[in-house]
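Okay, here's what each chain looks like letter by letter:
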Amino acid sequence: MKFVSTRKKAPAVSVSQAIIQGLAVDGGLYVPESFPSLATLPVGEISSYPELAYEVLSPFFEGDILAEDLAQICVDAFNFPVPLVPIQGEQTVLELFHGPTAAFKDFGARFLASSMERIIERQKQKLTILVATSGDTGGAVAAAFANRRNIEVKVLFPKGRVSKRQQQQLTCWGNNIQAYEVDGSFDDCQKMVKDAFMDQAVTREWGLSSANSINLGRLLPQSVYYVYASYLYQQAYGKKPIFIIPSGNVGNSCAAYWALTMGSPIERIILSVNKNRTIPDYLISGTYEKRDSVATLANAMDVGNPSNMERLFNLYPDIQTMRSMVSAYSVDDRTIEQTIKEVYAQTGYILCPHTATGERVRRDHFADQPTIVVSTAHPAKFEQVVEPLIGTSVEVPENLEKLLNMPSSFKQIGCDYRQLFV
Ligand SMILES: *Cc1c(COP(=O)(O)O)cnc(C)c1O
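Residues numbered from 1 in each chain as written. Predicted model: local features only at pLDDT ≥ 70, side-chain atom pairs only at ≥ 80, totals over all residues. Heavy atoms only, no water.

Draft legend 1. Layout of the pairing of strand β12 (residues 371-375). In terms of residue burial, β12 counts as a mostly covered element, since 5 of its 5 residues are buried. The alternating pattern of β12 places Thr371, Val373 and Ser375 on one face and Ile372 and Val374 on the opposite face, and all of these are buried. Strand direction decides the pairing type here: strand β4 (residues 91-95) and β12, joined by 5 bridges, are parallel. What sits directly across from threonine 92, in β12, is isoleucine 372. (Buried < 20%, exposed > 50% of the residue type's maximum accessible area, 1.4 Å probe, protein only. Helix = DSSP H or I, 4+ residues; strand = E, 2+ residues; numbered from the N terminus. Pairing = 2+ DSSP bridges.)

Put into structure tokens, the structure is as follows:
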């Protein structure tokens, strides 16, 4: 299987080349040149999540140097549960927050780290991973790469925009992980990463690679839980589910569209966003306009120019097709707060602010339909928002507790990427 650039001006590469390069040389994002079909997937015979992951991903690794490592990579990466939790009737929540940093990004980050470590071991290289984070990416990447051989990680986070516990997870690792507090927005952080990659001298000297959701090695493994949950849902309820996905950079939802393209039993995919309305506004107007990001309670979704839109445009090139496949709804901060309160009062279930956007969209638009709301983070990561609303403390999962008690350190810098390479 080969992967091609969304901008079509770069050579096709294998999966491990795409993983090491991050961005294609023409500035585009890698996408599979074709999608395998799940029609022959032996769903009934698969007994574990890592095994399913191996079956779903192996066509993408065919002919690659990692092909024979794939089964082991899946076992390494997906070593935590993925529960589909029934809420009421045909309404369910897919909890993707049982990994080490309690957010869905652990799936992609752990798969990527395991893959990269194996690739560079074979190629006798060194790597520097640059990652910009609006909250959860950095923590997941730092955790996944901590103490991996011959890999250094630089994590950039926007000053004052991440929660205390999120910041702790970015800055507690030491050794091969360096955190930078950037005096700017998440979009500034993302631009610094892009600028660094455009600097050929820096890229070569430091062996730069990315771990953002633009990296194929994060996106591909995320499609596995959509395959998994949709088959599980269909078995349990006899229907195809509608997925409602809290979205920012659209990596998570793009992975869902890839699962749909491969033939997963999915009725429809819905994006919930916060006050960053770039996508719903595009679907209404038909003109895509990137924006500056605005700060919200669901800060890991504070994105004004979602980087993975380029992959969605690649899948659905014109506005009619896009509208036929994609719906998006925006939820403001006040409504996020109300939803957390309302759901807790009615069911006792505690939502994080991101997941609350999804639950709101379900309640307002898909109330009696077969739905899976994708829960992207554990509420204990956002206790400062959640606890005053529900009037009680959120129990901290064991994994997270461990990280919160480690010492932390970071460097403060401005918006010039060259400060990262002194
Ligand atoms: C990253 C993140 C999102 C947004 O995911 P994208 O792939 O960027 O769309 C939503 N919720 C949480 C908790 C996140 O960490």
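Draft legend 2. Layout of the environment of leucine 57. Of note, leucine 57 is situated in helix α2 (residues 49-61). Using a relative accessible area of 0% as the deciding quantity, one classes leucine 57 as buried. For the pair leucine 57 and valine 273, spaced 216 residues apart in sequence, the C-alpha separation works out to 28 Å. With residues near it in sequence (within four places) discarded, leucine 57 still touches Leu70, Cys74, Phe111, Leu220, Pro221 and Val224. (Contact = heavy atoms within 4.5 Å.)

Draft legend 3. Local environment of the environment of methionine 262. Looking at the secondary structure, you find methionine 262 in the loop between α10 (251-261) and β10 (268-273). Placed 224 residues apart in sequence, methionine 262 and leucine 38 show a C-alpha to C-alpha distance of 5.7 Å. Leaving out residues up to four positions away in the same chain, methionine 262 has contacts with Phe35, Pro36, Ser37, Leu38, Val56, Phe60 and Ser223.

Draft legend 4. Here's a closer look at the packing of helix α14 (residues 333-347) against helix α15 (residues 353-365). Running from amino to carboxyl end, α14 crosses α15 at an angle of 75 degrees, the nearest separation of the two axes being 9 Å. One finds that α14 runs roughly perpendicular with respect to α15. Counted together, Thr335, Ile336, Thr339, Ile340, Glu342, Val343 and Gln346 of α14 and Pro353, Ala356, Thr357, Glu359, Arg360 and Arg363 of α15 form the full contact between these two elements. Across the contact of α14 with α15, the residue classes tally to 5 nonpolar, 4 polar and 4 charged. (Axes fitted to C-alpha atoms, helices over the stretch in contact; angles between N-to-C directions. Parallel < 35°, antiparallel > 145°, perpendicular 65-115°, else oblique. Nonpolar A, V, L, I, M, F, W, Y, C, P; charged D, E, K, R; others polar.)

Draft legend 5. Structural view of the sheet that holds strand β7 (residues 177-182). Pairing within the open sheet is parallel, and its 5 strands lie in the order β8-β5-β6-β7-β13. Both edges of this open sheet fall to β8 (208-210) and β13 (411-413), since each of them pairs with a single strand only. On average, each strand axis in the sheet is tilted by 30 degrees relative to the strand beside it, whichever way the strands run. The pairing of strand β5 (residues 127-132) with β8 spans 3 bridges and is classified as parallel. Bridge assignment links leucine 130 to a residue of β8, and that residue is serine 210.

Draft legend 6. Structural detail: the packing of aromatic side chains. Counted under the stated rule, the structure contains 20 aromatic pairs. Judged by centre distance (4.3 Å) and plane angle (25 degrees), the rings of tyrosine 233 and tyrosine 237 are stacked. Taken together, the residues tyrosine 233 and tyrosine 237, both in helix α9 (residues 216-237) and 4 residues apart, mark about one turn of the helix. With relative accessibility at 0%, the residue tyrosine 233 sits in the buried group. (Phe/Tyr/Trp six-rings, centres within 6.5 Å; stacked < 30°, edge-to-face > 60°.)

Draft legend 7. Broad picture of helix α7 (residues 186-198). Compared with the 18 Å implied by 1.5 Å per residue over 13 residues, the 19 Å span of α7 between its first and last C-alpha is a close match. Buried within α7 we find Phe186, Asp187, Cys189, Gln190, Met192, Val193, Ala196 and Phe197. For α7, the N-terminal capping position is held by serine 185, with its side-chain oxygen 3.3 Å away from the main-chain nitrogen of aspartate 187. (Expected span 1.5 Å × (residues − 1). Polar contact = N/O pair within 3.5 Å; in protein donor to acceptor, adjacent residues only side chain to side chain.)

Draft legend 8. Seen up close, the site of the ligand. Neighbouring residues of the ligand: 15 residues in total, closest Lys105, Asp136, Gly248, Val250 and Thr376. Lysine 105 places a polar side-chain atom, nitrogen or oxygen, 2.5 Å from an oxygen atom of the ligand. With respect to the ligand, the backbone of glycine 248 contributes an N or O atom lying 2.7 Å from an oxygen atom. Against a free-state accessible area of 380 Å², the protein chains account for coverage of 97% of the ligand. Taken together, the residues that form the shell around the ligand break down as 6 nonpolar, 7 polar and 2 charged. (Near = heavy atom within 4 Å. Areas by Shrake-Rupley, 256 points an atom, 1.4 Å probe, with all protein chains shown as cover.)

Draft legend 9. Here's a closer look at the sheet that holds strand β11 (residues 326-330). Strand order across the open sheet formed by 6 strands is β3-β4-β12-β9-β10-β11, with mixed pairing between neighbours. Each edge of the sheet is formed by a strand with only one pairing partner; in this case those strands are β3 (84-88) and β11. Within this sheet the neighbouring strands show an average axis-to-axis angle of 25 degrees, counted without direction. In the sheet, β3 pairs with β4 via 4 bridges, with the strands oriented antiparallel. Among the inter-strand pairings, leucine 84 is bridged to a residue of β4, identified as leucine 94.

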